[in-house]
2 protein chains.
Amino acid sequence: MTVVFAALEAALEEKRLLVEDALRRLAPRGGGEGVPAAVEHTLFAPAKRLRPVLALLVAEVMRADSRPIVPASCAVELVHTASLILDDLPSMDDARQRRGRPACHLVFGEATATLTAFALINRAYEVLAEDEGLAADTRARLARELSRAVGLEGMIAGQAADLAFTERAMDFRTLEFIHSRKTGALFTCCAALGAEAAGAAPGEREALVAYAKNLGLAFQIVDDLIDVTGRAAEAGKDVRQDAKKTTFVSFAGVEGARQIAQELVATSVEALAPFGPRAEPLRELARYVVARRR
Amino acid sequence: MTVVFAALEAALEEKRLLVEDALRRLAPRGGGEGVPAAVEHTLFAPAKRLRPVLALLVAEVMRADSRPIVPASCAVELVHTASLILDDLPSMDDARQRRGRPACHLVFGEATATLTAFALINRAYEVLAEDEGLAADTRARLARELSRAVGLEGMIAGQAADLAFTERAMDFRTLEFIHSRKTGALFTCCAALGAEAAGAAPGEREALVAYAKNLGLAFQIVDDLIDVTGRAAEAGKDVRQDAKKTTFVSFAGVEGARQIAQELVATSVEALAPFGPRAEPLRELARYVVARRR
């Protein structure tokens, strides 16, 4: 894998470091007793930063300068991290490990973990509002985009449905509904962010969003596969955590889930047809995402 | 009280109904299993809507049309409601009653309550971002204002400090620190919102913010007094809930706390001196807030 994807991995790593640097500048700061330490613990744990990296990659593929959207893409990562803290709470997935570290609430307590998630989402919108590198109407549009991805048609709806269906049988459509919101919504938000940076035409934007939606679902299925087949040290979080839940793997089996992930990647790659060769890095990213082991 | 404050009460009620109507339009809507029902339960419980009402009152005192800031003032109420849900969680104050109804997590479970709080703060920023009645740069400025009031120099810092000091002795400065953030920050945010609507000069804005900061603290102390002396049916939430906590009342006694509240009201009224007679409704509101019994 390292050989096949060496160039892509280098490009992803370069962008990841850029995001990492920006997050250092943009993380919530201030008082709040345990909250800043909990931010440090959770936000700055080893992480792929795939969502913001995707936004930057989309911008570059569209021949745009990706620098102006670095803060906005970090805002998405702040929201994503908030959602991980909440998902891990005892009342939700009751997870013990995340990003290779003990879950936030296990180190700082539930109250501080909950306030930290709140501080992260709040800071995400502050970052967007303060972003002097973007015109005010762009900032408002991006805040709108993010809030839709997060809200009751997006990530929160996905998480709520996921919880409601724990220990209940579910069909493929429901599973797809949940994960296109829970994981997919922030992916599509990032694609839209990259499209925004490039001033993409509506049709181009739509194609990029379709790509990201399918990519997000494929990414989630691979996560489920790692949960079943992987080791905790590789996954950086609890594995076999999903035993009580319907996942793509419990639904379709290991081979079936791999098959679905491959099909989603094919669909996501198809969506890029209008862009021709210049979209190659995005196609490669899609193939890379299903090939990953952690 | 009804006789003395009859005109003020009518004005407050008129504004409250306006806010109530707007909240119906602006509440988060969509999927999310129990979340919409939990929003209905918590956001539309009987409430004074004092924060948005304050914003509208400030705008009017400054001779501005308050209508353009109705959505933004509702955004503050959405955040306030989110903070009530979180404060009541078992890991925080473990409260059983709020706004005259069972606490959100008791009816819908902790997970749904937490997601509901998340959906409310997210929707607050969506309301600001979508607010076509305001120029884009005003929207960005208000989002910035709100995020500062909520973040690690504001409400979240206050709540974190409050939790950290439970069952620990605290001095008056700490108590003031906590509540100027926990309660005061959204009050000052609303005053700033009213000032914004009126295009107030920086000095005027500062005076209004000083007024609101002291008003917020006085309001909090009266809350503590109601907690000690009131009945649950009047308070609409658990009373004597604060037994383990240092409050203004446990710190200074009932008479001492009343005295502090009166002094804060005097300070808040003094801040209004530059405005002369036109600020009379705000002075009356301050006197009303300490006279209230629930």
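Novice: Now, about the overall build of chain A: what can you tell me, with residues and values included?
Specialist: Within chain A, the secondary structure is distributed over 13 helices and two strands. For 294 residues, the compact-globule estimate of 2.2 N^0.38 gives 19 Å, and the C-alpha radius of gyration of chain A, at 18 Å, lies within 12% of that figure. With 294 residues in all, chain A has 61% of them scored as buried. A separation threshold of at least 6 residues defines the contact pool for chain A, and within that pool the share at least 24 residues apart is 73%. If you sum the accessible surface of chain A, you get close to 11300 Å²; carbon and sulfur atoms cover 51% of it. Positive and negative side-chain charges of chain A, numbering 37 and 40 respectively, have mean locations separated by a distance of 1 Å.

Novice: An account of the pattern of salt bridges is requested, with residue identities and associated values reported.
Specialist: Scanning the entire structure with this criterion turns up 46 salt bridges over all chains. Residue Arg16(A) is joined to Glu13(A) by a salt bridge in which the shortest nitrogen-to-oxygen separation is 2.9 Å. Of the two residues, Arg16(A) and Glu13(A) both sit in helix H1 (residues 6-26), three residues apart, roughly one turn of that helix. A salt bridge links Arg148(B) to Glu130(A); its shortest N-O distance comes to 3.1 Å. Placement of Arg148(B) in helix H7 (residues 136-150) and of Glu130(A) in helix H5 (residues 104-130) is noted, with the two residues assigned to different chains. Here Arg148(B) falls in the partly exposed class, since its relative accessible area comes to 46%. One salt-bridge network, in which partners are shared between bridges, spans Glu13(A), Arg16(A), Glu20(A), Arg49(A), Glu77(A) and Arg99(A).

Novice: Describe the confidence of the model for chain A, listing the residues and the values that go with them.
Specialist: Residues shown with low pLDDT carry predicted positions that ought not to be read at fine detail. When the pLDDT values of chain A are averaged, the result is 92; 94% of them are 70 or greater. Of the two predicted TM-score estimates for the complex, the pTM is 0.95 and the ipTM is 0.95.

Novice: Any chance you could break down the relation of the copies chain B and chain A for me, citing the residues and the numbers?
Specialist: The relation between the two chain copies is a rotation about an axis coupled with a shift along that axis. Aligned on chain A, chain B shows an RMSD of 0.0 Å; the corresponding rotation is 180 degrees and the shift along the axis is 0.0 Å. In short, the pair behaves as if placed about a two-fold rotation axis. For chain B, the residue whose C-alpha comes nearest the rotation axis is Ala136(B), separated from it by 2.7 Å. Mapped onto chain A, 100% of the interface residues of chain B again fall at the interface, so both copies present the same surface.

Novice: Describe in detail empty space enclosed by the protein, supporting the description with residues and values.
Specialist: Applying the stated criterion to the full structure yields six cavities of 30 Å³ or more. Estimated volume of the largest cavity: approximately 90 Å³. Forming the boundary of the largest cavity are 13 residues, of which Arg139(A), Ala140(A), Ala143(A), Ala140(B) and Ala143(B) lie nearest the centre. Contributions of two or more residues to the lining of the largest cavity are made by H5 and helix H6 (136-150) of chain A together with helix H6 (110-130) and H7 of chain B.

Novice: Report on the interface of chain B and chain A, specifying residues and quantitative values.
Specialist: Each partner contributes to the interface: chain B provides 48 residues, whereas chain A provides 48 residues. At the junction of chain B and chain A, the tally comes to six salt bridges. Scanning the region where chain B abuts chain A turns up 10 residue pairs in polar contact (both at pLDDT 80 or more). Put simply, the parts of the chain that give the side of chain B that touches chain A at least two residues each are helix H2 (35-43), helix H4 (70-88), H6, H7 and helix H8 (155-164) of chain B. When grouped by side-chain class, the residues that make up the side of chain B that touches chain A number 28 nonpolar, nine polar and 11 charged.

Novice: Explain unusual backbone geometry to me, and be specific about the residues and the numbers.
Specialist: Although it is not a glycine, Arg49(A) sits at a positive phi angle of roughly 55 degrees. As for its placement among the helices and strands, Arg49(A) is situated in the loop between helix H2 (35-43) and helix H3 (50-61). Of note, the phi angle at Arg99(B) is positive, near 50 degrees, even though the residue is not glycine. Tracing the sequence through the fold places Arg99(B) in the loop between strand E1 (97-98) and strand E2 (101-102).

Novice: Go over the packing of aromatic side chains, please, and point to the residues and values.
Specialist: Any pair of aromatic rings gets described here by the distance separating the centres and the angle formed by the planes. All names here are of chain A. This model, assessed by the stated rule, comprises nine aromatic pairs over all chains. On the basis of an interplanar angle of 75 degrees and a centroid distance of 5.9 Å, the ring pair of phenylalanine 172 and phenylalanine 248 is categorised as edge-to-face. Taken together, the residues span a long stretch of sequence, with phenylalanine 172 in helix H8 (residues 172-182) and phenylalanine 248 in helix H12 (residues 248-270) at a distance of 76 residues. With relative accessibility at 1%, the residue phenylalanine 248 sits in the buried group. Among the aromatic residues, those joined into a cluster by ring pairs are Phe172, Phe248 and Phe251.

Novice: Provide a residue-level description of H6(A), including the pertinent values.
Specialist: Between the first and last C-alpha of H6(A) there are 21 Å, a value that for 15 residues agrees with the 21 Å anticipated at 1.5 Å per step. When we look at burial in H6(A), the residues that qualify are Ala136(A), Thr138(A), Arg139(A), Ala140(A), Leu142(A), Ala143(A), Leu146(A), Ser147(A), Ala149(A) and Val150(A). Along its buried surface, H6(A) packs onto helix H4 (70-88), H5, helix H7 (155-164) and helix H9 (184-197) of chain A together with H6 and H7 of chain B.

Novice: Describe helix H13 (residues 248-270) of chain B, with residues and values.
Specialist: Residue and element names in this part refer to chain B. Compared with an ideal rise of 1.5 Å per residue, which puts 23 residues at 33 Å, H13 spans 22 Å between its outermost C-alpha atoms and falls more than 12% short. Taken residue by residue, H13 has Phe248, Val249, Ala257, Ile260, Ala261, Leu264, Val265 and Ser268 as its buried positions. Its buried side turned inward, H13 meets helix H9 (172-182), helix H11 (202-229) and helix H14 (280-291). Capping of H13 at its N-terminal end is provided by threonine 247; its side-chain oxygen lies 3.1 Å from the backbone amide nitrogen of valine 249.

Rules and cut-offs
- Residues numbered from 1 in each chain as written.
- Chains lettered and ligands numbered in written order.
- Predicted model: local features only at pLDDT ≥ 70, side-chain atom pairs only at ≥ 80, totals over all residues.
- Heavy atoms only, no water.
- Helix = DSSP H or I, 4+ residues; strand = E, 2+ residues; numbered from the N terminus.
- Rg over C-alpha atoms; globule rule 2.2 N^0.38 Å.
- Buried < 20%, exposed > 50% of the residue type's maximum accessible area, 1.4 Å probe, protein only.
- Contact = heavy atoms within 4.5 Å.
- Areas by Shrake-Rupley, 256 points an atom, 1.4 Å probe, with all protein chains shown as cover.
- Lys, Arg positive; Asp, Glu negative; His and termini not counted.
- Charge placed at Lys NZ, Arg CZ, Asp CG, Glu CD.
- Salt bridge = Lys/Arg side-chain N within 4 Å of Asp/Glu carboxyl O.
- pLDDT = per-residue confidence, 0-100.
- Least-squares fit on C-alpha atoms with pLDDT ≥ 70 in both.
- 1 Å grid on protein atoms, 1.4 Å probe; cavity = no way out; pocket = protein on both sides within 12 Å on 5 of 7 lines; lining within 4 Å.
- Points joined across faces, edges and corners; volume = space filled by probe spheres on them.
- Polar contact = N/O pair within 3.5 Å; in protein donor to acceptor, adjacent residues only side chain to side chain.
- Nonpolar A, V, L, I, M, F, W, Y, C, P; charged D, E, K, R; others polar.
- Phe/Tyr/Trp six-rings, centres within 6.5 Å; stacked < 30°, edge-to-face > 60°.
- Expected span 1.5 Å × (residues − 1).

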